[in-house]
Amino acid sequence: MKLVGRASPHRRRRFTVVLLLAVGFLIVALLDYLQPQQVVESPQTLSVQSVPQELRVSAIESLGKLAVKDRVSLDGYARDKFSPGWAEVAGCDMRNRILQRDLQEVVLDDDNCTVLSGVLPDDPFTAQTIPFQRGRETSGDIHIEHIVAVSDAWQKGAQQLDYKRRQEFYNDPLILIAVDGASNMEKGDKDAADWLPHERYRCQYVARQIAIKLEYDLWVTRNEHNAIKRVLQTCPGQILPVVGDF
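Values in this document were obtained by computation on a predicted structure and should not be read as measured data.

Scoring rules and cut-offs
Residues numbered from 1 in each chain as written. Predicted model: local features only at pLDDT ≥ 70, side-chain atom pairs only at ≥ 80, totals over all residues. Heavy atoms only, no water. Helix = DSSP H or I, 4+ residues; strand = E, 2+ residues; numbered from the N terminus. Buried < 20%, exposed > 50% of the residue type's maximum accessible area, 1.4 Å probe, protein only. Contact = heavy atoms within 4.5 Å. Areas by Shrake-Rupley, 256 points an atom, 1.4 Å probe, with all protein chains shown as cover. Arc of directions from axis to C-beta. Axes fitted to C-alpha atoms, helices over the stretch in contact; angles between N-to-C directions. Parallel < 35°, antiparallel > 145°, perpendicular 65-115°, else oblique. Left-handed = near helix turned anticlockwise from the far one by under 90°. pLDDT = per-residue confidence, 0-100. Polar contact = N/O pair within 3.5 Å; in protein donor to acceptor, adjacent residues only side chain to side chain. Core = buried A, V, L, I, M, F, W, Y, C linked by side-chain atoms within 4.5 Å. Phe/Tyr/Trp six-rings, centres within 6.5 Å; stacked < 30°, edge-to-face > 60°. 1 Å grid on protein atoms, 1.4 Å probe; cavity = no way out; pocket = protein on both sides within 12 Å on 5 of 7 lines; lining within 4 Å. Points joined across faces, edges and corners; volume = space filled by probe spheres on them. Nonpolar A, V, L, I, M, F, W, Y, C, P; charged D, E, K, R; others polar.

Caption draft 1: Fine view of the overall build of the chain. Regarding its fold elements, the chain presents 8 helices and 8 strands. Across the 246 residues in the chain, those meeting the buried criterion constitute 42%. In the chain, 73% of the contacts between residues at least 6 apart in sequence involve partners at least 24 apart. In the form shown here, the chain has an accessible surface area of approximately 14700 Å², with 54% of it arising from carbon and sulfur atoms.

Given below as structure tokens:
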């Protein structure tokens, strides 16, 4: 019969070292798990199929609810008549909130707000994938666009809104999307009669314009109305965006 004696000092030291290493790895893994993550996943939007029937509102029928008038003069317009800049919500400005919403593979700064980098997949204006890197020379690659331009809104009813309501318009997530910077400069303050995005996004684009103008009591010109109608005739099932799409 073989007797088992006490472990040698050498074996005990080796066991202690292995045990300490294992505990160290466990602590590091636990701390890494508990640390706030810096990579933010882009939220999913609702597909038409997932929208309950009672919330589906036809875009082309809603177009008929908009008043059709001539645009008024731009006299008196200034951007600060709407807002001095991006509003902050829970300590994070709307520009960075929209970047967080629309970009993928988002990396945040230590403030858990500022977007340092990310990727805009399937840009709604160009249908291209656009990388984003925060910096003096690169931040302008992606703009935060007002789907209904601020000056266009001014000429079609926003003059009649009070300042608080214009501030809401300026910072409304329904109106704001991340897009290719160069294309946004090309669009400027044009309405649907003079400018449309890539054909893959046109139906959603004009549907959101209708939803915005209904929400803020804005009107369309006759040419704008006809241009939107032509787009929606190619997608008669298009619905207005609903809460959860943004």
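Caption draft 2: Main features of helix α8 (residues 222-232). Where α8 is concerned, the buried positions are Glu224, His225, Ala227, Ile228, Val231 and Leu232. In a view along the axis of α8, the buried residues occupy a sector of 165°, so they form one face of it. Seen from the buried face of α8, the exposed residues on the opposite side, beyond 90 degrees, are Asn223 and Arg230. In the core, the buried residues of α8 are packed alongside α2 (59-63) and α7 (202-215).

Caption draft 3: Spatial organisation of the packing of α7 against α8. Relative to each other, α7 and α8 sit at 135°, their axes nearing to 9 Å. Overall, the two elements α7 and α8 adopt an arrangement that is oblique. Our pair here, α7 against α8, has a crossing hand that is left-handed. Facing α7, whose interface residues are Arg202, Cys203, Val206, Gln209, Ile210 and Lys213, α8 presents Glu224, Ile228, Val231 and Leu232.

Caption draft 4: Geometry of the environment of Arg79. By secondary structure assignment, the location of Arg79 is in the loop between α2 and β2 (88-89). Between the C-alpha atom of Arg79 and that of Trp154, which follows or precedes it by 75 residues, the distance is 9.6 Å. Setting aside residues no more than four positions away along its own chain, Arg79 makes contact with His146, Val150 and Tyr170.

Caption draft 5: Structural context of the confidence of the model for the chain. Scored by pLDDT, the chain comes out at a mean of 84, with 76% of its residues at no less than 70. Averaged pLDDT values for the elements of the chain fall to 38 in strand β1 (residues 39-40) and rise to 98 in α8. Low pLDDT (under 50) marks residues 1-8, which in the prediction has 1 contact with non-local residues, meaning those over four places away or in another chain. Within the model, pLDDT remains below 50 along residues 25-49, and this stretch shows 29 contacts once partners closer than five positions in the same chain are excluded.

Caption draft 6: View of the side chain of His143. Along the polypeptide, His143 turns up in strand β7 (residues 142-146). A polar side-chain atom of His143 sits 3.3 Å from the main-chain carbonyl oxygen of Gly140.

Caption draft 7: Region of interest: the nonpolar core. Phe169, Ile210 and Ile212 are the most contacted members of the largest nonpolar core, which totals 37 residues. Sorting the residues of this core by element identifies α2, α4 (150-154), α5 (163-170), β8 (176-180), α7 and α8 as the ones contributing at least two each. The element contributing the most residues to this core is α7, with 7 residues. Excluding residues within four positions of it along the chain, Ile212 makes contact with Ile147, Val148, Phe169, Leu174 and Ile175. Core analysis: the second largest hydrophobic core is formed by 14 residues, Leu120, Ile130, Ile142 and Leu176 among them.

Caption draft 8: Here's a closer look at the packing of aromatic side chains. Scanning all chains against the criterion turns up 10 aromatic pairs. Centroid distance Trp86 to Tyr170: 5.4 Å. Interplanar angle 45°. Geometry classified as tilted. Remark: Tyr170 occurs in helix α5 and Trp86 occurs in the loop between α2 and β2; sequence separation between them is 84 residues. Classification of Trp86 as partly exposed rests on a relative accessible area of 29%. The exposure class assigned to Tyr170 is buried, which follows from its relative accessible area of 7%. Joined through ring pairs, the aromatic side chains of Tyr77, Phe82, Trp154, Phe169 and Tyr216 make up one cluster.

Caption draft 9: Fine view of the layout of surface pockets. Within this model, the second largest pocket holds a volume of roughly 220 Å³. Along its surface, the second largest pocket is lined by 13 residues, and Arg79, Glu145, His146, Asn184 and Gly188 are the ones closest to its centre. Elements with a minimum of two residues in the lining of the second largest pocket: β7, α4 and α6 (181-187). In terms of residues, the lining of the second largest pocket owes the most to one element, β7, which gives 4 residues. The residue makeup of the lining of the second largest pocket, split by class, is 5 nonpolar, 5 polar and 3 charged.

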